[in-house]
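If you want the building blocks of each chain, they are given just below.
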Amino acid sequence: MDQALRLNPMPSPTWNRLKLNEACDVAFLDEKNPKEESRIPSEVSFEEKDKTSFKEQRTGAGEEVEKMVLSSGAPVRSFAFKGRKKDEPLYIDLPAKDNKNVILPIDLTVSEGCSGTAIMFFSCAEDEAVEQCIQTKYEIKKDAELTLIQVFSLSKESRIISDIGGEVGENGSFHLIQVVLSGGKVYLGSLSDLSGKDSSLTTDIAYLTGQDEVLDINEIINHIGKRSNSLIKVNGVLSENGQKTFRGTIDLRRGAKGAVGTETEEVLLMNDGVVNRSVPVILCTEEDVEGNHGATIGKIDSETLFYLQSRGIPEEMIYDMLSRAVIDSIKKKIGDSETLKRIDDLTR
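None of the values given here were measured: they were computed from a predicted structure.

Criteria and thresholds
Residues numbered from 1 in each chain as written. Predicted model: local features only at pLDDT ≥ 70, side-chain atom pairs only at ≥ 80, totals over all residues. Heavy atoms only, no water. Buried < 20%, exposed > 50% of the residue type's maximum accessible area, 1.4 Å probe, protein only. Helix = DSSP H or I, 4+ residues; strand = E, 2+ residues; numbered from the N terminus. Pairing = 2+ DSSP bridges. Core = buried A, V, L, I, M, F, W, Y, C linked by side-chain atoms within 4.5 Å. Contact = heavy atoms within 4.5 Å. 1 Å grid on protein atoms, 1.4 Å probe; cavity = no way out; pocket = protein on both sides within 12 Å on 5 of 7 lines; lining within 4 Å. Points joined across faces, edges and corners; volume = space filled by probe spheres on them. Nonpolar A, V, L, I, M, F, W, Y, C, P; charged D, E, K, R; others polar. Axes fitted to C-alpha atoms, helices over the stretch in contact; angles between N-to-C directions. Parallel < 35°, antiparallel > 145°, perpendicular 65-115°, else oblique. Left-handed = near helix turned anticlockwise from the far one by under 90°.

**Student:** Talk me through the pairing of strand 12 (residues 173–182); I want residue IDs and the actual numbers.
**Tutor:** Of all ten residues in strand 12, eight are buried; the element is thus mostly enclosed. In this structure, strand 10 (residues 145–153) lies alongside strand 12, joined through nine bridges in parallel fashion. Bridge assignment links Glu145 to a residue of strand 12, and that residue is Ser173. Inspection of the sheet shows strand 12 paired to strand 14 (residues 200–209) by eight bridges, in the parallel sense. Looking at strand 14, one finds that Val179 is bridged to Ala206.

The following block contains the structure:
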């Protein structure tokens, strides 16, 4: 019998009958060490370690994924950013040919006053199937910046877990960008501790989920430092029996005076067969803070559809245009020409 795997748990569970407190799948079996392809810029150092440097750091996918990663024995790829050249990214690829069933732990450290960009691609052909778990732990020190970009383009038979956890120091900033173009089961779990004063986080997620695909997102932001600031933006399209669950938790903790946390979501439903679940949560034990959340969920209205059709645009093309608009909106935030070209090639 396959071992059950609990992942993406909410830190503050809701009514269990709704079955939204967590996701459940099976653990990876017979995983092999990954054979990733990395391009490391001159201002980034690399070291392979037996264990993560951030053993105590929790992650968004939860304790059972953490145990699965540790028990795999996979060596940790540790990268340290020691410069300010954001336009020279660290590239990490997991080619499907050599990574059918792998677990890849990664450590990212950004030194004080430094900046860094890490770009990760996970893709395979339609006739391939992969099972991959990527755990990324990070530490952003004082006055430092990190941008992490992940792009997923996988087959309908594939499953992937992106498990992220880290800490942002004083006046540091973290920008997480995730683009989900396709994938049978995609689990995105991220937990960030905004520990430092004036620390900040921005999360941008864009997705196209259809053809019976499943997307499960768990975003947890812990506001610990004074005047810490977070913004979560999730924007996507559901079609052809696609299913999406979004859990977004902003925890404004005691002592985080002046902190502001915001989460927004826009979901376009293409047809009646899709399933959308959204659970925005704001927790608060501090008075002098601000928490905001909002969501726009629905189909394209009949007047807009009629207007576009009256201009000679077929209905199928209208929905294609709207889907492309979702991806185009996040492409503007990526900035890296090589990454943009690869996304364009995958969405043709």
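Right, picking up where we left off after that structure.
**Student:** Outline the nonpolar core, listing residues and values.
**Tutor:** Grouped together as the largest cluster of nonpolar side chains are 52 residues, with contacts concentrated most on Leu108, Tyr138 and Phe174. With five residues, the single largest contributor to this core is strand 7 (residues 101–110). Every residue in contact with Tyr138, bar those within four places of it in the chain, is listed here: Phe54, Leu108, Leu146, Ile164, Gly165, Gly166, Glu167, Val168, Phe174, Leu191, Ser192 and Leu201. Membership of the second largest hydrophobic core comes to 23 residues, among which are Val151, Ala206, Ile318 and Ile327.

**Student:** Tell me about unusual backbone geometry, residues and numbers included.
**Tutor:** The backbone of Asp198 shows a phi angle near 65°, a positive value even though the residue is not glycine. With respect to the secondary-structure elements, Asp198 resides in the loop between strand 13 (185–194) and strand 14. Look at Asp198 and you get partly exposed, because its relative accessible area is 30%. Here the phi dihedral of Glu240 falls at roughly 45°; this positive angle occurs in a residue that is not glycine. Turning to its location among the elements, Glu240 is positioned in the loop between strand 16 (229–238) and strand 17 (243–252). Looking at Glu240, the relative accessible area reads 44%, which means it is partly exposed.

**Student:** Go over the layout of surface pockets, please, and point to the residues and values.
**Tutor:** The probe, sized like a water molecule, is rolled over the atoms to show the empty space still left. Each pocket or cavity is described by its volume, and for the largest pocket that value is around 910 Å³. Lys156, Leu181, Ser182, Leu208 and Gln211 are the residues nearest the centre of the largest pocket, which is lined by 31 residues in total. Elements supplying a minimum of two residues to the lining of the largest pocket: strand 12, strand 14, helix 3 (315–334) and helix 4 (337–346). The leading source of residues in the lining of the largest pocket is helix 3, at eight residues. Its residues placed into classes, the lining of the largest pocket shows ten nonpolar, ten polar and eleven charged.

**Student:** An account of the packing of helix 3 against helix 4 is needed here, citing residue identities and associated values.
**Tutor:** At their nearest, the axes of helix 3 and helix 4 sit 9 Å apart, and the two run at 160° to each other. It follows that helix 3 is roughly antiparallel to helix 4 by the angle criterion. In the crossing of helix 3 with helix 4, the sense of the turn from one axis to the other is right-handed. Two secondary-structure elements touch here, helix 3 through Ile327, Lys331 and Ile334 and helix 4 through Thr339, Leu340, Ile343 and Asp344. Here the contact of helix 3 with helix 4 is built from residues that sort into four nonpolar, one polar and two charged.

**Student:** Quick rundown of empty space enclosed by the protein? Include the residues and the values.
**Tutor:** A complete count under the given rule lists one cavity of 30 Å³ or more for this structure. The computed volume of the largest cavity comes to approximately 60 Å³. For the largest cavity, the full set of lining residues is Pro41, Glu43, Val44, Phe81, Gly83, Lys85, Glu88, Ser115, Gly116 and Thr117. Looking at which element gives the most residues to the lining of the largest cavity, the answer is strand 8 (residues 115–123), with three residues. For the lining of the largest cavity, a count of residues per class yields three nonpolar, four polar and three charged.

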